[in-house]
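# Analysis of the macromolecular model
Take a look at the letters that make up each chain.
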Amino acid sequence: MTRKSRGILTVVSGFSGAGKGSIMKELLSSYAERYALSVSATTRKPRPGETDGVEYFFKTREEFEQMIAEDELIEYTEYVGNYYGTPKSYVEKQLNDGKDVILEIEIHGALQIKEKFSDTLLLFVTAPTAEELKHRLIGRGTESVEVIESRLERAVEESEGIEAYDYLVINDVLCESVDEVHHIIQNEHYKVSRNLEAIYEMRSQLKGFAHQTDVLKGEL
Ligand code: 5GP
């Protein structure tokens, strides 16, 4: 019996500053052959050290709206004044190639994806405490006070939506969180509902053995 090879689509959301980015970076470097991380398009300006096509595809509003018009995005949303969206073609290709695809996106996008693809796995990442979250956002040093404030306000809104997710990861020790995320995703491959093709094939083969007394005698 062999499992079907299509990858698992996982959405990872979490409060800004919870450490999703660091978890994803470690996960991908530890298991490069297993996972593919979708690169989103955004109208946000690159932060120092960010490269077009690596962290994001950086777009103007006009370019982004063109992508929407041409149906190139699986989902998109506006977050703290900027557009963010997931390009469709890469995700579909990687899933078909058997990779477990991860979308690191916020909650509205997560819910749009779940609506379109009901077998999507939803993971929510948080820092251990609200205070710690604030420290991490300030410590990042890349955002203005206004942006930090809007991100904390947005966190309140997002905290109302956590119940829609399947799993909660409390990111205290990074390597432990990476292991947790890896195990949660890999366990999904064992679910009966994700192995129906293999099950039907086994069932049909077993039925083929019925009323074959002569064949069985011959094989004894
Ligand atoms: P940041 O500006 O900190 O890189 O991202 C801001 C928020 O946008 C994060 O919560 C991030 O997960 C989310 N985000 C990034 N890409 C996408 C996307 O393609 N779609 C949606 N809906 N959210 C995204």
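Residues numbered from 1 in each chain as written. Predicted model: local features only at pLDDT ≥ 70, side-chain atom pairs only at ≥ 80, totals over all residues. Heavy atoms only, no water.

## Digging into the overall build of the chain
Going by this rule: Secondary structure counts use DSSP, requiring at least four H or I residues in a row for a helix and at least two E residues in a row for a strand, with both numbered from the N terminus. Whether a residue is buried, partly exposed or exposed follows from its accessible area with a 1.4 Å probe, protein chains only, as a fraction of its type maximum: under 20%, in between, or over 50%, in that order. The contact criterion used is simple: two residues touch if any of their non-hydrogen atoms lie within 4.5 Å. Using a 1.4 Å probe, accessible areas were evaluated by the Shrake-Rupley method; residue-level cover was limited to the displayed protein chains.
Within the chain, the regular secondary structure consists of 9 helices and 9 strands. Overall size of the chain, expressed as C-alpha extent along the three principal axes, is 80 × 40 × 30 Å. The 220 residues of the chain split such that 40% are buried. In the chain, 69% of the contacts between residues at least 6 apart in sequence involve partners at least 24 apart. If you sum the accessible surface of the chain, you get close to 12,700 Å²; carbon and sulfur atoms cover 53% of it.

## Topic: unusual backbone geometry
With a phi close to 55 degrees, D71 is a non-glycine residue in the positive phi region. Among the structural elements, D71 can be located in the loop between α2 (61-69) and β5 (73-79). The backbone of V80 shows a phi angle near 45 degrees, a positive value even though the residue is not glycine. Here V80 falls in the partly exposed class, since its relative accessible area comes to 33%.

## Focus on the packing of helix α1 (residues 20-30) against helix α7 (residues 174-188)
Here is the rule: Every axis corresponds to a line fitted to the C-alpha atoms, with the helix fit spanning only the stretch in contact, and the corresponding angles, defined between N-to-C directions, vary from 0 to 180 degrees. The cut-offs work like this: below 35 degrees is roughly parallel, past 145 is roughly antiparallel, 65 to 115 is roughly perpendicular, and the gaps in between are oblique. By definition, any crossing whose near helix is turned counterclockwise from its far helix by less than a right angle is left-handed, and any crossing with a clockwise turn is right-handed.
At their nearest, the axes of α1 and α7 sit 9 Å apart, and the two run at 70 degrees to each other. The angle between α1 and α7 places the two elements in the roughly perpendicular class. Crossing hand, α1 versus α7: right-handed. Along its contact with α1, which presents S22, I23, M24, E26 and L27, the element α7 presents L174, S177, V178, V181 and H182.

## Focus: the packing of aromatic side chains
Where two aromatic rings form a pair, the distance of their centres and the angle of their planes describe that pair. Selection criterion: When the centres of two rings from Phe, Tyr and Trp lie within 6.5 Å, Trp using its six-membered ring, the rings pair. Their planes under 30 degrees apart give stacked, over 60 give edge-to-face, and anything left gives tilted.
Scanning the entire structure with this criterion turns up 9 aromatic pairs. Between Y31 and Y35, the ring centres sit 6.3 Å apart and the planes meet at 80 degrees, which makes this aromatic pair edge-to-face. When its relative accessible area of 23% is taken as the criterion, Y31 is described as partly exposed. Connected via pairs of aromatic rings, a cluster forms that spans Y56, F58, Y79 and Y84.

## Things to note about the nonpolar core
Operational definition: For our purposes a nonpolar core is just a set of buried Ala, Val, Leu, Ile, Met, Phe, Trp, Tyr and Cys residues, chained together by side-chain atoms within 4.5 Å.
Core analysis: the largest hydrophobic core is formed by 35 residues, its most contacted members being L103 and V181. Those elements that provide at least two residues to this core are β1 (9-14), α1, β2 (35-37), α3 (88-96), β7 (100-104), α4 (107-116), β8 (121-126) and α7. Those residues in contact with V181 that sit more than four places away from it in its chain are I23, M24, L27, L123 and V169. One finds A41, M67, L73 and Y83 within the second-largest nonpolar core, a separate group that totals 5 residues.

## Concerning the pattern of salt bridges
To keep things clear, this is the line we draw: A pairing counts as a salt bridge when a side-chain nitrogen of Lys or Arg comes within 4 Å of a carboxyl oxygen of Asp or Glu.
Applying the stated criterion across every chain, the model contains 15 salt bridges. The partner of R61 in a salt bridge is E78, with the nearest N and O atoms 3.1 Å apart. Highlighted residues: R61 in helix α2 and E78 in strand β5, separated in sequence by 17 residues. Residue class for R61 comes out partly exposed when judged on its relative accessible area of 32%. Put simply, E106 and R154 hold a salt bridge, and the shortest N to O gap is 2.6 Å. Of this pair, E106 sits in the loop between β7 and α4 while R154 is found in helix α6 (residues 145-159), placing the two residues 48 residues apart along the sequence. Judged by its relative accessible area of 8%, R154 is buried. Through salt bridges with shared partners, a single ionic network connects R44, R47, E50 and E143.

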